[in-house]
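A structural walkthrough
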Amino acid sequence: MTELLCVGTSDAFGAGGRRQSAYLVRAPAGSVLLDCGTTTNTGLAELGVSRDEIDAIVVSHFHGDHFGGIPLLLLGALYEDRRRRPLVVAGPPDVEARVRAAAAALGHAIESQQWSFPIIFQQLRPDGFVPVGPFEMRAFATRHSPDANPHGLDLRSDGVRVVYSGDTGWFDELPREVNGAELFLCECTQVHKNFVYHLSLEELAARRGELDCGRLVLTHLGAEMRARRDYEGFEVADDGLTLKL
Ligand SMILES: [Zn+2]
Ligand SMILES: [Zn+2]
């Protein structure tokens, strides 16, 4: 049985009192955390998830609400958990340099610690699946702030395929990237299209027929989206929600 636990489902600004992006995929082979925002450590504690359970953290792009929690997660694994087994930190090109720079800027430089466990940085590729911890994964470029090296994540384990959009606006290759997945976890920051680097309910409702996936769940909801009751029939993620796959 594979499941996905929504640790954080807000936009960058914590809309509706929700936490920033983080999703824990649990499969028989192990667990992978997709994104790790600055509020993710609080979310894991609130939901009773042990950091030690996590085999790999995989980052979609280098915005703080998606990878800002990594430095203190690493430090918690060292000082609180006395972790021994390796932890993979994977993501788009430059993942190691970006995480190291963020950790140093936040006052917790990785090279200043004696780690009790190996931290294994790994770059994902757009042209095929590679093993990441116990999963097979692939990254695909999305339409979002170019400086953040934005990607969506495509994960396979135990015969189940999950695609996560990361942050993105609509782009014509999106259906090809996600079609055939058992679950597509799709960002939907806005109600109306007003910023090209994020998706809107309006656009997704209009293009619903182009997305051929088993289950489509909206996440990364902004304030206006979270305040709605009507989601045009779409399923919507929330903090603490578990999706069984
Ligand atoms: Zn975001
Ligand atoms: Zn972003």
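Check the entry above for the structure.
Residues numbered from 1 in each chain as written. Chains lettered and ligands numbered in written order. Predicted model: local features only at pLDDT ≥ 70, side-chain atom pairs only at ≥ 80, totals over all residues. Heavy atoms only, no water.

With respect to the helices and strands, the residue A27 is situated in strand β2 (residues 22–27). Between the C-alpha atoms of A27 and V160, which are 133 residues apart in sequence, the distance is 9.2 Å. Sequence-distant contacts of A27, defined by excluding residues within four places in its chain, comprise M1, T2, F135 and S157. (Helix = DSSP H or I, 4+ residues; strand = E, 2+ residues; numbered from the N terminus. Contact = heavy atoms within 4.5 Å.)

With that settled, the discussion passes to the environment of A97. With respect to the helices and strands, the residue A97 is situated in helix α4 (residues 95–105). Along the primary structure A97 and F121 are separated by 24 residues, whereas in three dimensions their C-alpha atoms are 9.5 Å apart.

Quick look at the sheet that holds strand β9 (residues 151–157) now. Spatial ordering of the open sheet is given by β7-β8-β9-β10-β11-β12-β13, a layout of seven strands whose pairing is mixed. Each edge of the sheet is formed by a strand with only one pairing partner; in this case those strands are β7 (130–132) and β13 (235–236). As paired elements, strand β12 (residues 215–219) and β13 share two bridges and run parallel to each other. Each residue of the ladder has a partner; that of L218, found in β13, is V236. (Pairing = 2+ DSSP bridges.)

Quick look at the pattern of salt bridges now. For the coordinates displayed, the defined rule picks out 20 salt bridges. Between R18 and D238 there is a salt bridge, and its shortest N-O distance comes to 2.7 Å. Highlighted residues: R18 in the loop between β1 (3–8) and β2 and D238 in the loop between β13 and β14 (242–244), separated in sequence by 220 residues. On the basis of relative accessibility, which here comes to 26%, the residue R18 falls in the partly exposed class. A salt bridge links R207 to E210, with the nearest nitrogen and oxygen atoms 3.0 Å apart. Residue R207 is classed as partly exposed on the basis of its relative accessible area of 29%. (Salt bridge = Lys/Arg side-chain N within 4 Å of Asp/Glu carboxyl O. Buried < 20%, exposed > 50% of the residue type's maximum accessible area, 1.4 Å probe, protein only.)

Another aspect to go through is the pairing of strand β5 (residues 87–91). Counting buried residues in β5 gives five out of five residues, a clear majority hidden from the surface. Of the pairings in the sheet, the one linking strand β4 (residues 54–58) to β5 comprises three bridges and is parallel in character. Among the inter-strand pairings, A56 is bridged to a residue of β5, identified as V88. Read from β5 through α4 to strand β6 (residues 119–123), the crossover connection turns out right-handed. (Right-handed = clockwise from strand over helix to strand, strands pointing away.)

With that out of the way, let us pick up the sheet that holds β6. Strand order in the open sheet made by the seven strands is β6-β5-β4-β3-β2-β1-β14, with mixed pairing throughout. Unpaired on one side and paired on the other, β6 and β14 mark the two borders of the sheet. The mean angle between the axes of side-by-side strands here comes to 20°, regardless of whether they run parallel or antiparallel. Both β1 and β2 contribute to a ladder of five bridges, which runs antiparallel. When the bridges of β2 are listed, C6 appears paired with Y23. Relative to β6, α4 is tilted by about 130°, and along the sheet it contacts β5 and β6. (Axes fitted to C-alpha atoms, helices over the stretch in contact; angles between N-to-C directions.)

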